[in-house]
Amino acid sequence: MKLVVIGAGAAGTAAAWFLARGGAKVTLVHDRAGATALYSGALDLTPWTEHAPPLVLDPDLSAFAAALTGWALGPKPCRIATRSGALRPAAGRAAALLDLEPLAGRRIAVADVDRDEWDARLVAQALSASPWAARTGTRFEAVRVRALRGGHERRIALYDFAQLHDAAERADDFAEQLRKTTNGHDAWLVGPWLGTEPSSIERIRAAVKLPLGEINSPPGGPAGARFELARDRLLAAQKVEILNARVSALHTGPNQVRVELVEKPALEADAAVLAIGGVVAGGLRLSGGVGSRATVELCFSASLPLSLDGHTFDAPSTLHGVDFQAHGLRTLERIGVATDGARVHGERALFAAGDVVAARPRTVLEAVRSGIAAARAALGSRLLTPAQ
Amino acid sequence: MPAETRPDVDVVVIGGGVNGTGVARDCALRGLKVALFERNDIAFGASGNSSGMIHGGPRYLSYDPDVTHTSCLDSGHIQRIAPHLLFRIPFLVPVFQRSLLATKIALTGYDAFFALYDKYQPLKRGKSHVLLAGDEIRRLEPGLIGEAAGGVTFDEWGIDGVRLCVGSLIDALEHGATARVHCTVTEIVRGESGKVTGVRWRDRFTGEAGTTTARAVVNATGAWSPITASLGGVEPRAARIRPGKGIHVYLDRRLTNYAIATTAIDGRQVFLLPWQNTSVLGTTDDDFYGDLDDVVATGDEVRYLFQAIERVFPSIRAARAIGTWGGVRPTLYAWGVNEDALSREHEIVDHAAHGADGLYSMTGGKLASYRIFAEEMTDVLAGRLGNQAPRRTHVAPLPGGDEQVDPMHLVQEGGMEAVTATRLEYRHGGRSLRVLERMLQNPREAAVVCACEPVTEAEIRYVVVNELAVTVDDVSRRTRLGLGACGGMRCALRCGHIVADATGRSPGEGARMALEFMERAARRRACAIGPEQARQEALGLALLRSEVGVERDDEAS
């Protein structure tokens, strides 16, 4: 059985992993970074609230997290520090992030490093003032740490700065600086600087000998880059064929899918999983612009209608572009492909997962769960013959 | 009534736009004691939402050349008192191929017209017009569609209206004035004879209220004028204006070298203007009946402008709109006239005629003539109060206008990047050295908080301490923080924490201000979203949800 997965974010990766594990021959096509590459390191099933605890995990999610490596998932929810000053609950986290839950009531040092994107004093102030810290008596204090070599390191991109600590000598030196400036603190909270390789984080943690972790990543920070590295390793180990290409068109029949690519030969498969992301990732796009007949559509040619709030989303009857003042900006997040469960509505061999699906929460774990569900449905489809 | 006591001030000015701050400055420079009250923020209304030009008024040339003369002369004055705030905007008026005769008539007409305007250009250091052939136009602006038969250029000056208002107000404060921002006047108090004796006010943030007594009250509230007049028991119609809403769309970069003027479907003139580090598309003029505290451009207005420009500059369709401005002009009242045909003149209404001696309303006017209008108003006040001090607002420099600073000096001393230094120097002129001083005292403040503009922490703290900014929105208005393509996604929350820290408020309060700012800005973008910006909007929503969660008012516990 031959399957094509389009998209290599959390949904596509989970689908490809599950399919390959189930014995299918999988080709994963992807082009450019998507929403998962921009994620913050927090793992949610549904958007978080201060009061409702994050949802309990299912075994599929745990199995995927274990296979992927670099994700810490359950059984209990964790608590993550964000730059906005919230200490927010999450179902899980990228392992590099500091879990505050076991540190309730403790004194936590915030590494004060002269990076432009980072203001340890204000971050510490905001975190100390957050409801959870106030409730549990947890304190955050900025502690000066020398971590830069040369003024240029102040403004280089976050990923580039984090990558410096992949060099053992830099990692050791950073750990040493942290170790010697601690003053009776119980843990270290640092920026997203702990290298891009899992081994760098482990090296620094082992040397510091205190709980140590990062605050959440901003979009384009190291959290997304680490996911991509882990993904590539996982898929290579599963012998998933990865094709870096852009899809130009998708044609579906009852038992077959044909995926046309830009400047590469087309792919034929028994079924396909569509995990191209939503508007953020570019899987859905606003065509045209202000002053032209415009609508939201898939990023390649395919006759799949989009759906919004249970209705088919059509191009509005104007030659002058969609007015989001009338529709509301949140339309951009609710629109997507309609599915019956995991199968694309009205299709037999096409399945969808992640942000491209209408009316699903735009969260990482939901993407994983729907990716696995799509893969399971594709494998179980009675129209398909088992592998070999 | 108690016996005659000395009033708190000579003059109360209501309104922190270009007229109000202009009058406050003029009064202060002449030694009058003045207090200014602004309901929202400095330059919140039309002054901060204009096309951003100090133009010489070529449109008056044919029927009232005196107005053109005065406008050009005053443009020259403003260049002298605030050289850092002005930037040259060369205009291009393309003439498209029609019949041979019609084209020739159009070109000859423009040529003759602007030859006349050239006589006034030296008053404002403007350049003479140039008559261009079709291929020259195409070379200068390759984005114009190919049929241009020729055209003319003429020269104008751009300005940041907010910086102008802030400069005027700071100068007033430094000459003894006082000002309260986000403080609304709740009543214009009148004595038994009907004479105005002062104002009652209430701070809209703290709830603090009080009375300030004065010998005269100036209503400089622009489109709010009739409402303000009614606070003194005067009929709103006594200070009536014809409120004309004008919107602008701003695009993420400078798309053209020249400002391009063209006509909209209804024959009105509209333009695409390279302005600071953006392009501005404007403007509309429609009667407005809505809430003046919340003027938002609509999709129809945006599309009207795009439609007009795309006829001559088609690639505008692919351009990325990152925001809109809406403001309401306080045009002089007239019934039965099209918006565009309304006079742009100004008038002082002396409400003694309505029984309220000592109350004056400033109606009409435009950004380019604010200084003269303020001077005329101050002349009336000075006459009333027996003040004989000379007029000085055309020679005394505005803050930062007295000292030239080379941005490269800021680069070398403060370790700023060249763009950061150039933008800082533009906004603050010589006062950029004071921002630099903050950085040298605390090198951490050199951190670039908003990378789009860019804006440093030192500048944020500077405008909070020195320019009466108390919210993220206020900081944004003064520095253009968060007005780039990312809509404050990367900087607003941090700016909120900095503003809260600098004003002794809690970090939670800082985050709340930041969210308010982002929500307000998003509402102003929603009517102009194109493909590129749509992705950015979705990302911004996702990021906010990740940082702040689905409930925002969960800080109660």
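Residues numbered from 1 in each chain as written. Chains lettered and ligands numbered in written order. Predicted model: local features only at pLDDT ≥ 70, side-chain atom pairs only at ≥ 80, totals over all residues.

Bringing the overall build of chain B into the picture now. The number of helices and strands found in chain B is 16 helices and 20 strands. For a compact globule of 557 residues, the expected C-alpha radius of gyration is about 24 Å, and chain B comes in at 24 Å, within 12% of that figure. In terms of principal-axis extent, the alpha carbons of chain B reach across some 80 × 60 × 45 Å. A total of 557 residues make up chain B; the buried ones form 56% of that total. Taking all contacts inside chain B whose residues are at least 6 apart in sequence as the whole, residues at least 24 apart take part in 69%. (Helix = DSSP H or I, 4+ residues; strand = E, 2+ residues; numbered from the N terminus. Rg over C-alpha atoms; globule rule 2.2 N^0.38 Å. Buried ≥ 20, exposed ≤ 12 C-beta atoms within 10 Å, placed from the backbone. Contact = placed C-beta atoms within 7 Å.)

Glancing now at the overall build of chain A. For chain A, the helix and strand inventory stands at 11 helices and 22 strands. Here the C-alpha atoms of chain A give a radius of gyration of 22 Å, agreeing with the 21 Å that 2.2 N^0.38 yields for 388 residues. Overall, the C-alpha framework of chain A stretches about 65 × 50 × 40 Å when taken along its three principal axes. In chain A, 69% of the contacts between residues at least 6 apart in sequence involve partners at least 24 apart.

The subject of this paragraph is the packing of helix H11 (residues 432–441) of chain B against helix H12 (residues 457–466) of chain B. To describe two helices that pack against each other, one gives the angle between their axes and the distance between the axes. All names here are of chain B. Where H11 meets H12, the axes come as close as 9 Å, and the angle between the chain directions of the two elements is 120 degrees. Relative to H12, the element H11 lies oblique. The element H11 and its partner H12 pack so that their crossing is right-handed. Contacts from Arg434, Val435, Arg438 and Met439 of H11 reach H12 at Ala458, Glu459, Arg461 and Tyr462. (Axes fitted to C-alpha atoms, helices over the stretch in contact; angles between N-to-C directions. Parallel < 35°, antiparallel > 145°, perpendicular 65-115°, else oblique. Left-handed = near helix turned anticlockwise from the far one by under 90°.)

Within the largest apolar cluster, 300 residues are counted, with the highest numbers of intra-cluster contacts made by A:Ala15, A:Ala272, A:Val273, A:Leu274, A:Ala353 and B:Val34. Discounting chain neighbours no more than four positions away, the residues touching A:Ala353 are A:Ala11, A:Ala15, A:Val273, A:Ala275, A:Ala342, A:Ala367, A:Ser370, A:Gly371, A:Ala373 and A:Ala374. Listed in part, the 7 residues of the second largest apolar core include B:Ala46, B:Trp224, B:Ile241 and B:Leu292. (Core = buried A, V, L, I, M, F, W, Y, C linked by C-beta atoms within 7 Å.)

Bringing the domain arrangement of chain A into the picture now. Domains assigned within chain A are domain 1 (2–37 + 227–380) and domain 2 (76–216). For domain 1 of chain A versus domain 2 of chain A, the distance between C-alpha centres works out to 35 Å. (Domains from an automatic or database assignment.)

Here we take up the confidence of the model for chain B. Residue and element names in this part refer to chain B. Per-residue pLDDT for chain B has a mean of 93; in total, 98% of the residues score no lower than 70. Scored below 50 in pLDDT, residues 552–557 makes 9 contacts in the model with residues more than four places away or belonging to other chains. Here the complex is predicted with pTM 0.95, and the ipTM for its interfaces comes to 0.93. (pLDDT = per-residue confidence, 0-100.)

Residues and elements named next belong to chain B. What the domain assignment reports for chain B is domain 1 (9–47 + 162–240 + 343–385), domain 2 (87–158 + 242–328) and domain 3 (407–548). A separation of 30 Å is found between the C-alpha centroids of domain 1 and domain 3. With 11 residues of domain 1 at the contact, the number on the domain 3 side is 8 residues. Put simply, the parts of the chain that give the side of domain 1 that touches domain 3 at least two residues each are helix H5 (161–174) and strand E7 (178–181).

Residues and elements named next belong to chain B. With 7 bridges joining them, strand E8 (residues 183–190) and strand E9 (residues 196–203) adopt antiparallel strand pairing. Residue pairing for E9: valine 189 is matched across the bridge by glycine 198. The antiparallel pairing of E8 with E9 creates a hairpin that spans 5 residues between the two strands, and glycine 194 there sits at a positive phi of about 95 degrees. The pairing of E9 with strand E10 (residues 209–219) spans 5 bridges and is classified as antiparallel. Looking across to E10, one finds that valine 199 is bridged to threonine 212. (Pairing = 2+ DSSP bridges.)

This brings us to the confidence of the model for chain A. For chain A, the mean per-residue pLDDT works out to 92, and 97% of the residues sit at or above 70. This stretch, residues 383–388 of chain A, has a pLDDT under 50; its non-local contacts, to residues over four places away or in other chains, come to 11 contacts.

Bringing helix H3 (residues 120–129) of chain A into the picture now. For H3(A), the buried fraction is high: 7 of the 10 residues fall into the buried class. What H3(A) keeps buried is the set A:Ala120, A:Leu122, A:Val123, A:Ala124, A:Gln125, A:Ala126 and A:Leu127.

Moving on, we come to the sheet that holds strand E5 (residues 87–94) of chain A. Residue and element names in this part refer to chain A. With antiparallel pairing, 3 strands are arranged side by side in an open sheet as E3-E5-E4. Whereas interior strands pair on both sides, the edge strands pair on one side only; in this sheet they are strand E3 (42–43) and strand E4 (71–81). In this sheet, E5 lies alongside E3 in antiparallel orientation, the contact comprising 2 bridges. If you follow alanine 42 over to E5, its bridge partner there is arginine 93.

Bringing the interface of chain A and chain B into the picture now. At the junction of the two partners, chain A supplies 49 residues and chain B supplies 49 residues. Counting only elements with at least two residues in the side of chain A that touches chain B, the list comes to H3, helix H4 (131–136), strand E15 (284–286), helix H9 (324–327) and helix H10 (331–334) of chain A. The greatest single-element share of the side of chain A that touches chain B, amounting to 4 residues, is contributed by H3(A). In the side of chain A that touches chain B, the residues fall into 20 nonpolar, 17 polar and 12 charged. (Nonpolar A, V, L, I, M, F, W, Y, C, P; charged D, E, K, R; others polar.)

A word on helix H15 (residues 507–525) of chain B. Spanning 19 residues, H15(B) covers 27 Å between terminal C-alpha atoms, matching the ideal 27 Å at 1.5 Å per step. Turning to H15(B), its buried residues number three or more, namely B:Pro507, B:Gly510, B:Ala511, B:Arg512, B:Met513, B:Ala514, B:Leu515, B:Phe517, B:Met518, B:Ala521, B:Arg524 and B:Arg525. (Expected span 1.5 Å × (residues − 1).)

Residues and elements named next belong to chain A. Strand order in this open sheet of 3 strands is E18-E17-E19, and the pairing throughout is antiparallel. Looking at strand neighbours, the two that pair on one side only are strand E18 (311–313) and strand E19 (336–337), the edges of this open sheet. Across 3 bridges, strand E17 (residues 306–308) lies against E18 in antiparallel orientation. Residue pairing in the sheet places leucine 306 in a bridge with phenylalanine 313 of E18.

Residues and elements named next belong to chain B. Note that the residue after glycine 282, namely threonine 283, is joined by a cis bond; omega there is -10 degrees. Its location among the elements puts threonine 283 in the loop between strand E14 (278–282) and strand E15 (286–287). Residues glutamate 453 and proline 454 are joined by a peptide bond in cis, for which omega reads -5 degrees. Here proline 454 shows up in the loop between strand E19 (448–450) and strand E20 (455–456).

Below, the discussion takes up the environment of B:Glu235. All names here are of chain B. If you trace the backbone, glutamate 235 turns up in the loop between helix H6 (225–230) and strand E11 (241–251). Note on glutamate 235: 12 C-beta atoms within 10 Å, which makes it exposed. Placed 119 residues apart in sequence, glutamate 235 and histidine 354 show a C-alpha to C-alpha distance of 8.3 Å.

Residues and elements named next belong to chain A. Mapping valine 344 onto the fold places it in strand E21 (residues 343–344). On a C-alpha basis, the gap between valine 344 and alanine 359 in space is 13 Å, while along the polypeptide they are 15 residues apart. In this view, valine 344 contacts Leu274, Leu304, Val337, Thr339, Leu350, Phe351 and Ala352; residues no more than four positions away in its chain are not counted.

Residues and elements named next belong to chain B. Relative to the helices and strands, proline 236 resides in the loop between H6 and E11. The exposure class assigned to proline 236 is partly exposed, which follows from the 13 C-beta atoms found within 10 Å. Separated by 12 residues in the primary sequence, proline 236 and tryptophan 224 have C-alpha atoms spaced 9.9 Å apart. Filtering out sequence-adjacent residues up to four positions away, proline 236 remains in contact with Pro226, Ile227, Ala229 and Ser230.

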